[in-house]
Amino acid sequence: MPIAVTSLVVAVVALRKPVEGNGVEVARSRAGRLARQVRESESPVRSQLLGADTRRINLTYVLQSAAARGAAAPPAGRTFADGPATLPDVLEYYRSTQPRRLVVTGAAGAGKTVLALELMLALIDQRAEGDPVPVRIPLAQWNTDQPLTTLLVQRLTDAYKWPAGMAAGLVAHGMVLPVLDGLDEMDPLLADGTPNPDAPRARKVLEALNAYQDGREAGPLVLTCRTGHYDALAPLSRLIDAARVAIAPIDTRHTVAYLRDRALDIPRWQPLIDHLDTQPAGALATILSTPWRLCLSATVYHRDGNPSELLHHTDGHDLDQHLLARYIPATIANTPNPHRYRPDDVHRWLHHLTGHLAGTTTNTPATDITLHQLWTLAGTTRARITDLTLTTVTLALALTAAFFFTLLPFLRSNYLGGGIGTGTFLHVFAAVSVVAFRPTPRPNRLRINRGTLQDGFKAGLWAGSKSWFAVGFATGFTIGFTIGFTTGFTTGLRSGLMNGLVNSLMSELPSQSPDTVFVFGLWLGLWLGLGLGIGTSLVGGFMGGLGGGFADGFKAWFKIWSTVTFVVVLGLNLGLDIGLGLVEGPSLWLGIGLAGGLAGGIMRGLTGEPTTVSNPRDIVRDDMVYGLLIGPLTGLLAGFLVGLLVGLMSRLNDGLVFGLAAGWMVGLVVGLASGFASAARRYGVFLLCSRGKLPFRLAVFLDWAVTAGLLRYSGPGYQFRHRELQQWLTDRPRP
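Quick caveat, the model's predicted, so the values are computed rather than measured.

For the chain, the helix and strand inventory stands at 25 helices and eleven strands. Out of the 735 residues belonging to the chain, those deemed buried represent 51%. Contacts spanning at least 24 positions in sequence make up 77% of the contacts within the chain whose residues lie at least 6 apart. Accessible surface, the chain as shown: approximately 32,000 Å² in total, 62% of it carbon and sulfur.

All right, on to the sheet that holds strand β5 (residues 176-181) then. Spatially, β2-β1-β9-β3-β8-β5-β4 is the arrangement adopted by the seven strands of the open sheet, whose pairing is mixed. Edge positions in the sheet fall to β2 (76-78) and β4 (133-138), since each of these pairs with one other strand and no more. Neighbour to neighbour, the strand axes of the sheet diverge by 20° on average, direction disregarded. Alignment of strand β3 (residues 101-106) against strand β9 (residues 243-247), held across four bridges, turns out to be parallel. In the sheet register, Thr 105 faces β9, and the bridge partner there is Ala 246. In the packing of helix α4 (residues 112-125) onto the sheet, the strands contacted are β1 (60-63), β3, β4, β5, β8 (221-226) and β9, and the crossing angle to β4 comes to about 155°. Strands in contact with helix α5 (residues 148-160) are β4 and β5; relative to β4, the strand with the most contacts, it is inclined by about 90°.

A separate point is the pattern of salt bridges. Oppositely charged side chains can pair when the atoms bearing their charge come close. Tallied over the full model, the rule gives 17 salt bridges. Between Asp 231 and Arg 244 there is a salt bridge, with its nearest N and O atoms 3.0 Å apart. Residue Asp 231 is found in helix α8 (residues 227-233), and its partner Arg 244 is found in strand β9; the two are separated by 13 residues along the sequence. Judged by its relative accessible area of 36%, Asp 231 is partly exposed. Here Arg 244 falls in the buried class, since its relative accessible area comes to 14%. Taken together, the shared-partner salt bridges in this structure form one network comprising Asp 184, Arg 226, Arg 723 and Glu 724.

Counting across every chain of the model gives ten aromatic pairs. Ring centres of Trp 349 and Phe 701 lie 5.1 Å apart, and the angle between their planes is 80°; on these two criteria the pair is classed as edge-to-face. Taken together, the positions of Trp 349 in helix α14 (residues 343-357) and Phe 701 in helix α24 (residues 698-708) put the pair 352 residues apart, joining distant regions of the chain. One exposure class covers both Trp 349 and Phe 701, and it is buried. Clustering of aromatic rings is evident, with ring pairs tying together Tyr 341, Trp 349, Phe 701 and Trp 704. Here the basic side chain of Arg 682 rests over the ring of Trp 375, its NZ or CZ set 4.5 Å away from the ring centre.

Contact geometry for helix α9 (residues 252-262) and helix α12 (residues 291-300): axes closest at 10 Å, N-to-C directions at 30°. Relative to α12, the element α9 lies roughly parallel. Considering the relative orientation of α9 and α12, their crossing is right-handed. Across the interface between the two elements, Thr 255, Tyr 258, Leu 259 and Arg 262 of α9 pack against Leu 294, Cys 295, Ala 298 and Thr 299 of α12. Residues of the contact of α9 with α12, tallied by class, amount to five nonpolar, two polar and one charged.

The element β3 is largely enclosed, with a buried count of six among its six residues. Here β3 shows no split at all, with Arg 101, Val 103 and Thr 105 on one side and Leu 102, Val 104 and Gly 106 on the other all buried.

Take Thr 335: it is sitting in the loop between α13 (316-334) and α14. Since its relative accessible area comes to 10%, Thr 335 is described here as buried. Along the sequence, Thr 335 and Ala 708 sit 373 residues apart, while their C-alpha atoms lie 5.5 Å from each other. Not counting residues within four places of it along the chain, the set of residues in contact with Thr 335 comprises Trp 704, Thr 707 and Ala 708.

Turning to unusual backbone geometry, a few remarks are in order. Across the junction of Gln 98 and Pro 99, the peptide omega takes the value -10°, indicating a cis bond. Located in the positive-phi region is Ala 199, a residue other than glycine, with phi close to 35°. Structurally, Ala 199 can be placed in the loop between β5 and α7 (200-211).

This next bit is on a nonpolar patch on the surface. On the surface, a cluster of nonpolar side chains totalling about 270 Å² of accessible area is made up of Leu 390, Leu 688 and Phe 696. Counting through the fold element by element, Leu 390 comes out in helix α15 (residues 380-412).

Right, let's talk about the confidence of the model for the chain for a bit. Residue-level pLDDT values for the chain average 73, and 58% of them are 70 or greater. Confidence over residues 412-427 falls short of pLDDT 50; this stretch has 22 contacts with residues more than four positions distant or in other chains. Confidence drops under pLDDT 50 across residues 448-481; counting only partners more than four residues distant or on other chains, this segment forms 96 contacts.

With that out of the way, let us pick up the packing of α14 against α24. The interhelical angle for the contact between α14 and α24, taken along N-to-C directions, is 105°, at an axis separation of 12 Å. Between α14 and α24, the crossing angle belongs to the class labelled roughly perpendicular. Every residue of α24 that contacts α14 at Val 346, Trp 349, Leu 350 and Leu 353 is listed here: Phe 701, Leu 702 and Trp 704. A class-by-class count of the residues in the contact of α14 with α24 yields seven nonpolar, no polar and no charged.

What follows is about the environment of Leu 371. Along the chain, Leu 371 turns up in the loop between α14 and α15. A residue is classified by how much of its surface remains accessible, and Leu 371, at 3% relative accessible area, is buried. Every residue in contact with Leu 371, bar those within four places of it in the chain, is listed here: Pro 616, Arg 617, Val 620, Tyr 683, Leu 698, Ala 699, Leu 702 and Tyr 718.

Along an α-helix, residues three or four apart share an orientation, since each turn contains 3.6 residues. Over its 14 residues, α4 runs 20 Å from end to end, which matches the ideal 20 Å to within 8%, given 1.5 Å per residue. Among the 14 residues in α4, 13 count as buried, and that is most of the element.

Alignment of β1 against β2, held across three bridges, turns out to be antiparallel. Paired with Tyr 61 across the strands is Gly 77, a residue of β2. Where β1 and β9 come together, three bridges link them in antiparallel fashion. Bridging from a neighbouring strand, Tyr 61 pairs with Ile 247 of β9.

With that settled, the discussion passes to helix α23 (residues 679-689). With respect to burial, α23 is a largely interior element, nine of its eleven residues being buried. Three or more residues of α23 are buried, namely Ala 679, Ala 680, Arg 681, Arg 682, Tyr 683, Val 685, Phe 686, Leu 687 and Cys 689.

Summarising the element assignment, Asp 368 is placed in the loop between α14 and α15. Buried Asp 368, no salt bridge; nearest opposite-charge side chain is Arg 155, N-O distance 4.4 Å. Reaching out from Asp 368, the side chain makes a polar contact with the side chain of Gln 141 at a distance of 2.5 Å. A polar side-chain atom of Asp 368 sits 2.7 Å from a polar atom in the side chain of Gln 719. Setting aside its immediate chain neighbours within four residues, Asp 368 contacts Pro 138, Gln 141, Arg 155, His 356, Leu 357, Ser 714, Tyr 718 and Gln 719.

Thresholds applied
- Residues numbered from 1 in each chain as written.
- Predicted model: local features only at pLDDT ≥ 70, side-chain atom pairs only at ≥ 80, totals over all residues.
- Heavy atoms only, no water.
- Helix = DSSP H or I, 4+ residues; strand = E, 2+ residues; numbered from the N terminus.
- Buried < 20%, exposed > 50% of the residue type's maximum accessible area, 1.4 Å probe, protein only.
- Contact = heavy atoms within 4.5 Å.
- Areas by Shrake-Rupley, 256 points an atom, 1.4 Å probe, with all protein chains shown as cover.
- Pairing = 2+ DSSP bridges.
- Axes fitted to C-alpha atoms, helices over the stretch in contact; angles between N-to-C directions.
- Salt bridge = Lys/Arg side-chain N within 4 Å of Asp/Glu carboxyl O.
- Phe/Tyr/Trp six-rings, centres within 6.5 Å; stacked < 30°, edge-to-face > 60°.
- Lys NZ or Arg CZ within 6 Å of the ring centre and 35° of its normal.
- Parallel < 35°, antiparallel > 145°, perpendicular 65-115°, else oblique.
- Left-handed = near helix turned anticlockwise from the far one by under 90°.
- Nonpolar A, V, L, I, M, F, W, Y, C, P; charged D, E, K, R; others polar.
- Patch = residues over 30% accessible without salt bridge, like charges linked within 9 Å, V, L, I, M, F, W, Y side chains within 5 Å.
- pLDDT = per-residue confidence, 0-100.
- Expected span 1.5 Å × (residues − 1).
- Lys, Arg positive; Asp, Glu negative; His and termini not counted.
- Polar contact = N/O pair within 3.5 Å; in protein donor to acceptor, adjacent residues only side chain to side chain.

Following this line, the structure appears as structure tokens:
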């Protein structure tokens, strides 16, 4: 009764359709929330790129001539208005571009990402209802075999916690403006360090963007790329119907003004400032004409040191090496360091993380450090074997305890025969072993609000049942009919033959001829076989399909092949158990199916509109919470159902014990297979395998590195403050 009432309440809540307007109105209302999220996440990134300072650098940029099909745009612009309106600011410039497709190019460290962020924040500040929301996406994340719309939906899901359905609605109704950052990071450089003119991934990106449309017009977007990389793709690959601008070097007057504003004590900086004032076109002034080098210089000499040392480095590469070698010690000195990280350790840890970004373990270069994807750094095989070993040991200990404390007394009394438990334990171990060894665990999230049950239960139960009922029914029918028919036929035939033999031996019964006895046995076996086969197949098929629909509620943590395996094993178990006359299999799997379906529908339904943006540490935390909630919930429901069924068939005491055992096992298995056998547990395994190479509290260190200015947040991951810093650390295992 409690389960029926609970299911009824959930179903009623799920089937209540909220009163909403049409899709466009809903998307527009949701876009306002997305805009607030983007402002919340990108404002700190801009501050980090400016050296954790409010002092902005007013970049200028110049329109580049297009060979063909360029967009109409002003000849030049600037970041923001700080004087007479001789040039449009970045917002006015973009709105004057027709169609609104902008390519921002510049040298390394020229401020391409900073300019894109300034445009994004200006668009949000001046956004009218119905305007698209700019969303920045590191292009290195794009699987170029997928369309741009898929990338946008994935970004909203990963970085801003939007459910996939809502994210798809925002994208479909044109509420997302793609800001694609880092076309130059799609392909590795050549051996000599120059851009690869072939650049297959970058070329596929440009092909996809050229095909991107908004109705009948070219789709609006913003793209950033280093000048050398973009020129290397010419003349065959260009973004058509777009205005390309090149960021100009910073004027020496602005360089001096910036250094004065950042200096704590002007006398220490005065010799360098005097040199730049007297030689505004000199080599050093030219080298320092990028925002990255200015921020780097201001950080390195912020508290101590002699800025006049820069006068001896008039070559760009030489100056970079000089500043980068002092950057990590300077950031540690400038930032509160409660964990007492040492410069040598910080250097070594960050160098180790660059191996993941270089693609040494994934074969694909990346820009984002995402916690749940780092496990390949510990060695793919090593991490998976360790994961499997720890899961098996944990499961063995827990199931052994459940076995000895609950089931053993009943097994000793031959309750339900000797077949109970063995097949179930084998199924449990096999399922968890497969889940623990799977190559790409994905994290799960819980978001609870008014729309969670409404959307999720329908998606997890209704859509899942439709998708998997055929598979489950076919599996259960085939196996159940085979086992049932074979058992029934042999039983009937044996009964018929025995009946004939008895008639022959007992004189008081009328004798029958052998052919009559055989025909009677054959017909009896056939009818019994058909009866048992059809009954078993219907029950097994129904439960298989129902279980498949419920399994789809767990689709976030079950890959497709895992779900198919689950349904096939469910059908096999039901076919064998019912066909052979066992009882514990149907009762246990019925509990798993119903409890898993209810819990899966609820858990998958906790996906309403988000209220916050993703934090890299939240992903692992949410995955652990998911496992902690869904495991006990499923175990509680499964235990109740199994206990109820066994209690009705036997005694209440027996039902209580078997319900406890089933709840224990199901809760543990589901918990392991969701939160603890998924991304969170794989991340924990990675930390265990990386002792000595990384700090055990890795997320705490990475958050501190963001505060120090070594890293920056990028949606659900971390990025190095600048690509030049990442490359420098990649080349140097030690300081």
